[in-house]
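Examining the three-dimensional arrangement
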There are 2 protein chains.
Amino acid sequence: MFILPRAAGLFALLAAFAAPASAQPAPSETARSPQGPLLIERQGSFFVGGRTLRSDTLSTQPAYAPSGTITVDQIYVRYQVPAGTGGKRPLVLVHGCCLTGKTWETTPDGRMGWDEAFLRQGYPTYVIDQAWRGRSAAHPTTINAVRTGQAAADTLPTVFAAGQEDAWAIFRFGRRHPEVFPGLLFPLEAQEEFWKQMVPDWNFAVPTPNPTVVGLSALAKRLEGAVLVSHSQSGIYPFQTATMSREGVAGIVSIEPGACPAADSDMEPYKGLPILVLWGDFVEESTRWSPRLRACRDFARAANAAGGKVEVAVLPEMGIRGNSHMLMHDRNSLEIADWLGGWIGRNVGERR
Amino acid sequence: MFILPRAAGLFALLAAFAAPASAQPAPSETARSPQGPLLIERQGSFFVGGRTLRSDTLSTQPAYAPSGTITVDQIYVRYQVPAGTGGKRPLVLVHGCCLTGKTWETTPDGRMGWDEAFLRQGYPTYVIDQAWRGRSAAHPTTINAVRTGQAAADTLPTVFAAGQEDAWAIFRFGRRHPEVFPGLLFPLEAQEEFWKQMVPDWNFAVPTPNPTVVGLSALAKRLEGAVLVSHSQSGIYPFQTATMSREGVAGIVSIEPGACPAADSDMEPYKGLPILVLWGDFVEESTRWSPRLRACRDFARAANAAGGKVEVAVLPEMGIRGNSHMLMHDRNSLEIADWLGGWIGRNVGERR
């Protein structure tokens, strides 16, 4: 925690020199950058993984050939490395169901996202789009095969969109749409902007092993030691990554996972690995989520009995109430990011 | 051009304080940030546009309800505003066919993308994903309608993937795959990373008017004066945006457009608007592109005769040879970005 005050000093120094920014802040930008300019050492994007295949149903349009080679299953990664990051471990941020890496950016009500919050704590951040979603290419050739009568309708890929009424309960805004849990901290006044984040989900159509997990393992190795931060649908992925190979996996933060590893599964991959499983409020009010929390507690007991370092943190038990399933968007999202950054610093530690 | 040297001085000052960055640079990061740390005034992401609809074929999975409300046609926008930007106009970067906003980020061979190059020139940059692509949600409900036998196969949305062999000639790497134009500046050694950028293209399936154009108009108004920078498939969009409304459209840079406005169309929307149409090399060798360049020259003559300020720039005619259709990835991409930034400064000017 030595870099931050020093950095803050530099920002103040810079502010004295810096000319005012030109663009009028738009509504969703007005609440941003409460700590002055960001100093970025380097940023950019790249892909990990990917599979090349040939298809004869790439297109039904005369302007584009039906036959050819495409690459699918790759994972899009956008990263920023802050200046003065010292030895802080890179954080890989993995979104959940029906969403993309946008999850971690500006909140629906226009506040700083966790991608920037962690940067300002000195952590390099790597935000991915899951396989077949967002900027990670989906695999459309079956659609054209069916469209041209070369395949049966039931061979179409399984793709779904979560309806807003359905998602309301899944994200725990209330027991059912349009009920609202008392004291809910999700900014419902900005729900329209939030619903725009949701995209069709091809997760039931991707091959096995899940290319997102394969990509996470490649990324962790490439970063030579990263903390994998997952959410909801992707909650289990860091555990599956560690099972594939411990190389590069420095720690796991699983936020409201759709599943934890089974308590009777092999605990060897998790031995000595700092793992945090974080939960928000109202879990006991949800038939979808309460069994999952119980299963994560069972996993933690089994893992720790076998030499694991698993902590299950439930915010209400820490006196923090009102959080939905979308913790990173709730009104106290920056406080939670601070707490998480502290947990990672204490438990994962820095590079030697 | 006064801010930059001063900023450079600050960066040097900072470099003296800054601790070394932690993460080992990965292959595609090694060539980055030749000019020291970036100073960002603010950054984030938001959506423009969007249409809410109800569907009964959202899902075929028991875990997700088939009926509900979703939002589609919105446009994902990611922005960065550099510190000390003075009065520079925001640039809106719009990618082309079968691609996403990734086009403008790190080049396939790991060099700085135009998003950062323009930032370092002092321009706020706004990178979008076209409607139904990348982080802008596609509309999947017809797929489930067909899959469940509620609709005929020929009602499936028109989606296509450009095959790599097909794209080879479209992007003018050579006359046909795997031929290479002599002196080509596209980094073919990194083509594998480039092919991973390509995603399924739903452009023939989006409603009319194109939601990307609707979104660009909303974004331009919100930014109170932006330069719309388009490429290839999206080349015509800024012209269509100006036809919809001139409000917020401060200038147009159309890079190798799939089409310019017809020379016999209404030129009123372009009167007095600074417009650049930029072309690379080998255009005359391409039966796909050479007629399009000729049509853009016809448009420029017609527009300028009607009080327009349209310039058609063909790089080889300026002595710059070897550029492909993917100018922003070619080995001289940063030189071209410098020239473009200069053109915008001279022709569009700054905010008063």
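Refer to the structure presented above.
Overview of the structure. (Residues numbered from 1 in each chain as written. Chains lettered and ligands numbered in written order. Predicted model: local features only at pLDDT ≥ 70, side-chain atom pairs only at ≥ 80, totals over all residues. Heavy atoms only, no water.)

Below, the discussion takes up helix α9 (residues 333-347) of chain A. Residue and element names in this part refer to chain A. For α9, which comprises 15 residues, the first-to-last C-alpha distance of 21 Å matches the rise-based estimate of 21 Å (1.5 Å per residue) to within 8%. Residues of α9 that are buried include every one of S333, I336, A337, L340, G341, W343 and I344, and no others. When α9 is viewed along its axis, its buried side chains cluster within an angular range of 160° and face the same direction. The outward face of α9, more than 90 degrees from its buried face, is lined by the exposed residues E335, D338 and R346. The secondary structure elements touched by the buried residues of α9 are β5 (91-94), α2 (114-120), β7 (226-231), β8 (249-255), β9 (274-279) and β10 (309-314). (Helix = DSSP H or I, 4+ residues; strand = E, 2+ residues; numbered from the N terminus. Expected span 1.5 Å × (residues − 1). Buried < 20%, exposed > 50% of the residue type's maximum accessible area, 1.4 Å probe, protein only. Arc of directions from axis to C-beta. Contact = heavy atoms within 4.5 Å.)

Here we come to empty space enclosed by the protein. One simple way to see leftover space: roll a probe sized like a water molecule over the atoms. Evaluation of the coordinates by the stated rule reveals seven cavities of 30 Å³ or more. Together, 19 residues line the largest cavity, and G134 and W202 of chain A together with W132, G134 and W202 of chain B are the ones closest to its centre. Residue composition of the lining of the largest cavity, by class: 13 nonpolar, four polar and two charged. (1 Å grid on protein atoms, 1.4 Å probe; cavity = no way out; pocket = protein on both sides within 12 Å on 5 of 7 lines; lining within 4 Å. Points joined across faces, edges and corners; volume = space filled by probe spheres on them. Nonpolar A, V, L, I, M, F, W, Y, C, P; charged D, E, K, R; others polar.)

All right, on to the state of the cysteines then. All chains considered together, the criterion is met by four disulfides over all chains. Disulfide pairing is shown between C260 of chain A and C296 of chain A; the S-S distance is 2.1 Å. Disulfide C260 of chain A-C296 of chain A: the torsion about the S-S bond is 95°, which places it as right-handed. Of this pair, C260 of chain A sits in the loop between β8 and β9 while C296 of chain A is found in helix α8 (residues 290-305), placing the two residues 36 residues apart along the sequence. The two residues C260 of chain A and C296 of chain A agree in class, both being buried. Between the sulfur atoms of C97 of chain B and its disulfide partner C98 of chain B the distance amounts to 2.1 Å. Accessibility expressed as a relative area gives 10% for C97 of chain B, which makes it buried. Among the cysteines of chain A that take part in disulfides, numbered as they appear in the sequence, the pairing is 1-2, 3-4. (Disulfide = S-S within 2.5 Å.)

On to unusual backbone geometry. Cis geometry is found at the peptide bond from H177 of chain B to P178 of chain B, where omega equals 0°. Mapped onto the secondary structure, P178 of chain B falls in the loop between α4 (164-170) and α5 (191-195). Of note, the amide linkage connecting T208 of chain B to P209 of chain B takes the cis form, showing an omega dihedral of -5°. Relative to the helices and strands, P209 of chain B is located in the loop between α5 and α6 (211-222). Residues other than glycine seldom take positive phi values, yet W132 of chain A does so here, at roughly 70°. Its location among the elements puts W132 of chain A in the loop between β6 (125-129) and α3 (141-147). Judged by its relative accessible area of 6%, W132 of chain A is buried. For E224 of chain B, which is not glycine, the phi torsion reads 55° and is therefore positive. Within the fold, E224 of chain B resides in the loop between α6 and β7 (226-231). A residue is classified by how much of its surface remains accessible, and E224 of chain B, at 48% relative accessible area, is partly exposed.

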